[in-house]
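The primary structure of each chain is shown beneath.
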Amino acid sequence: PALRLALNGRASYAKLMQESGNRRLWRSASGLVVATEGGRVVATSGAGEILVTTRFEGPDPLAEPNALLDDIAPARRSIDLMGANRTPESMRFGVPVECRMVAARSTDAAFLLVEEQCRAPGEGHFTNRFWVEAESGAVVRAEQWIGPGVGMLGVEFL
């Protein structure tokens, strides 16, 4: 298994380093490390700002993307962030992230486009996008916010 990662106009491939249940740890030759749970990036390192961890309150609606075709689903999680210098003053714990998720059929009926509009107090507003196989529910491509000032991370599951 491999990921194609794109950040700030630079693309790289990441190799699977560790797997534990639904959580996988990937490392690219450029030094970018990402942890995924299913099709979602939940932690990063090597991209400037560090997304230390993601904790969901309740199930992640992305686990059932077809259910999002009929309704807008709220999603709430908290994240921990840290500056690249890893100093105590750069650490922010328990940052609440409030989101609304909705899915629509893409131009290719075999796929859904799931959009997740989020806000995190003190960190801003952002929209994550997930391209999902309609039949299996597997995320094949994503664009995700991984921290303030970092840019959107493009992920392609190969």
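Criteria and thresholds
Residues numbered from 1 in each chain as written. Predicted model: local features only at pLDDT ≥ 70, side-chain atom pairs only at ≥ 80, totals over all residues. Heavy atoms only, no water. Helix = DSSP H or I, 4+ residues; strand = E, 2+ residues; numbered from the N terminus. Buried < 20%, exposed > 50% of the residue type's maximum accessible area, 1.4 Å probe, protein only. Contact = heavy atoms within 4.5 Å. Pairing = 2+ DSSP bridges. Core = buried A, V, L, I, M, F, W, Y, C linked by side-chain atoms within 4.5 Å. Axes fitted to C-alpha atoms, helices over the stretch in contact; angles between N-to-C directions. Phe/Tyr/Trp six-rings, centres within 6.5 Å; stacked < 30°, edge-to-face > 60°. Lys NZ or Arg CZ within 6 Å of the ring centre and 35° of its normal.

Asks: How should the side chain of Ser 90 be read in this particular structure?
Replies: Mapping Ser 90 onto the fold places it in the loop between strand 7 (73-82) and strand 8 (92-105). Classification of Ser 90 by relative accessible area gives buried; the value is 12%. In this structure Ser 90 touches Leu 81, Met 82, Gly 83 and Asn 85, once residues within four positions along its chain are discounted.

Asks: Can you help me understand the pairing of strand 12 (residues 152-157) in this one?
Replies: For a regular strand, side-chain orientation follows a simple rule: the groups alternate between the two sheet faces. Bridge count for strand 1 (residues 2-7) against strand 12 is five bridges, and the pairing is antiparallel. Bridging across to strand 12, Arg 4 finds its partner in Glu 156. By the bridge criterion, five bridges tie strand 11 (residues 139-145) to strand 12 in an arrangement that is antiparallel. Residue pairing in the sheet places Arg 141 in a bridge with Glu 156 of strand 12. In this structure, the hairpin formed by strand 11 and strand 12 is closed by a connection of six residues, where Gly 147 is found at a positive phi of approximately 150 degrees.

Asks: Explain the nonpolar core to me, please; I cannot follow it from the model alone.
Replies: Generally speaking, soluble globular proteins have nonpolar side chains that are buried together. Core analysis: the biggest nonpolar cluster contains 23 residues, and Leu 62, Ile 79, Val 97, Val 114, Phe 130 and Val 132 have the highest contact counts within it. Every element with two or more residues in this core is listed here: strand 7, strand 8, strand 9 (111-120), strand 10 (124-133) and strand 11. With five residues, strand 8 is the single largest residue contributor to this core. Setting aside anything within four residues of it in sequence, one finds Phe 130 in contact with Gly 39, Arg 40, Leu 62, Leu 112, Leu 113, Val 114, Glu 116, Val 139, Arg 141, Ala 142 and Gln 144. Grouped together as the second largest cluster of nonpolar side chains are 14 residues, Leu 3, Ala 14, Leu 16 and Val 34 included.

Asks: How do you make sense of the sheet that holds strand 12 when you look at a structure like this?
Replies: In any sheet, the strands associate via hydrogen bonds between backbone groups, in a parallel or an antiparallel arrangement. Spatial ordering of the open sheet is given by 5-4-3-2-1-12-11-10-9-8-7-6, a layout of 12 strands whose pairing is antiparallel. Each edge of the open sheet is held by one strand with a lone partner, namely strand 5 (40-45) and strand 6 (50-56). The mean angle between the axes of side-by-side strands here comes to 25 degrees, regardless of whether they run parallel or antiparallel. Relative to strand 8, strand 7 runs antiparallel, the two being bridged by eight bridges. Note that in strand 8 the partner of Ile 79 across the bridge is Val 95.

Asks: Can you help me understand the packing of aromatic side chains in this one?
Replies: Think of a pair of aromatic rings as described by two things: how far the centres are apart, and how the planes are tilted against each other in angle. Counted under the stated rule, the structure contains one aromatic pair. For the cation-ring pair, Arg 141 lies above Trp 131, with the distance from its terminal atom to the ring centre recorded as 3.8 Å.

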